[in-house]
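Per-entry structural report
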Amino acid sequence: MPSTIAFDDLLQARQRIAGLVRQTPLEHSPSLSRLVGVPVWLKLESQQATGSFKLRGASNAVAQLDAEQKRLGVVTASTGNHGRALAFAASQQGVKAIVCLSELVPQNKVRAIRELGAEVVISGRSQDNAQLEALRIAREQGAAFIPPFDHPHVIAGQGSLGLEILEQCPDVCEVLVPLSGGGLFAGVALAIKAASPAIRTHGISMQLGAAMHASLQAGEPVEVEELPTLADSLGGGIGLDNRYTFAITRELCDQLHLLDEASIARGIRHAYREERLVVEGAAAVGIAALLDGMIEPRGPVVVVISGRNIDIDQHLRVLGGANA
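Thresholds, definitions, all that
Residues numbered from 1 in each chain as written. Predicted model: local features only at pLDDT ≥ 70, side-chain atom pairs only at ≥ 80, totals over all residues. Heavy atoms only, no water. UniProt positions renumbered as here; feature names shortened; annotations may be inferred. 1 Å grid on protein atoms, 1.4 Å probe; cavity = no way out; pocket = protein on both sides within 12 Å on 5 of 7 lines; lining within 4 Å. Points joined across faces, edges and corners; volume = space filled by probe spheres on them. Helix = DSSP H or I, 4+ residues; strand = E, 2+ residues; numbered from the N terminus. Nonpolar A, V, L, I, M, F, W, Y, C, P; charged D, E, K, R; others polar. Domains from an automatic or database assignment. Salt bridge = Lys/Arg side-chain N within 4 Å of Asp/Glu carboxyl O. Buried < 20%, exposed > 50% of the residue type's maximum accessible area, 1.4 Å probe, protein only.

In the nomenclature of an unreviewed UniProt entry, the protein is known as Hydroxyectoine utilization dehydratase EutB of Ectopseudomonas alcaliphila. Per UniProt, the comment on the protein under Cofactor (unreviewed entry) is "pyridoxal 5'-phosphate". Regarding the protein, the relevant UniProt record gives this comment under Sequence similarities (unreviewed entry): "Belongs to the serine/threonine dehydratase family."

Now the structure itself:
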């Protein structure tokens, strides 16, 4: 694996996955624009075929495997969306996939991964447990381990999203990105900051078990207890041996915001009632941060809407006023 990720890697990734992923729309939000006083745009990664941005990184990683690696298959650990994306990308390219999940992953995401033809392995009650199982399978079966975020090909694939933002909104001043392990944030920030260091990048997460935030506070990757949250896709650790996303996030994140569960629920409700969008908790955090007044924008804002894969019963409960 390369030790660094260059802007050219993002450009090559975009070319490589052009026929495998969608260029998603950038939609204007009148309600949020009125609220903050500047144009607000929603980057709808929820419209990817698998319902989240993860398809970009997974497709780029699978496309770069050699023939022998493809024959042996791929394996990963996931909170749901990466597993779904890898299963889809592998099926597109004729590769067997095994996805390891923790017991905390919602059943709708488990079912979706199985329906795409991947083998699902449930292991433990945390993303870290699932990752240990995935690494064991990789060693024993020779499958290529493709992690959900801390991998240069995954990060470069996610960076294609940042390139699209720059083309669709050339005058963007603030970019709001859900932040978990940092693959999405790192890829988008690499693209954004290469275009203009003056564009501010905001990483947004939940208060319950925000591993990247705790690691940045500690000055190094640390373990954090994984807790149930509406933003379940943002759960899990960043890996104590993190090679890429911790350093990139530390360097390129201008502001990091943490949200409570009530705020995330408000973001989900606003997305549905005002934007006519069904989004999962992790995708609602940018909207929630604006609703809470956490951002003081200087100009046009782009909010990354990272995914739509929320359990429908949970969605109905939140629309009814619940915060869980």
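There's plenty left to go through after this.
Evaluated as defined, the whole model comprises 3 cavities of 30 Å³ or more. As a volume, the largest cavity reaches approximately 260 Å³. Taken together, 26 residues make up the lining of the largest cavity; nearest its centre are Phe53, Lys54, Ser180, Ser233 and Leu234. Among the secondary structure elements, those contributing two or more residues to the lining of the largest cavity are α5 (81–92) and α9 (183–195). A per-element tally of the lining of the largest cavity places α9 first, with 3 residues. Tallied by class, residues from the lining of the largest cavity come to 9 nonpolar, 15 polar and 2 charged. Residues lining the lining of the largest cavity come from more than one domain, with at least three contributed by each of domain 1 (7–52 + 151–320) and domain 2 (55–145). Looking at the second largest cavity, its volume works out to about 50 Å³.

All told, the structure shown has 14 salt bridges when counted by the stated rule. Between Arg56 and Glu164 there is a salt bridge; the shortest N-O distance is 3.0 Å. One end of the pair, Arg56, is in helix α3 (residues 54–63); the other, Glu164, is in helix α8 (residues 152–168), and 108 residues separate them in sequence. Its relative accessible area of 1% is what places Arg56 among the buried residues. What you see here is one network of salt bridges that share partners, running through Lys43, Glu45, Arg56 and Glu164.

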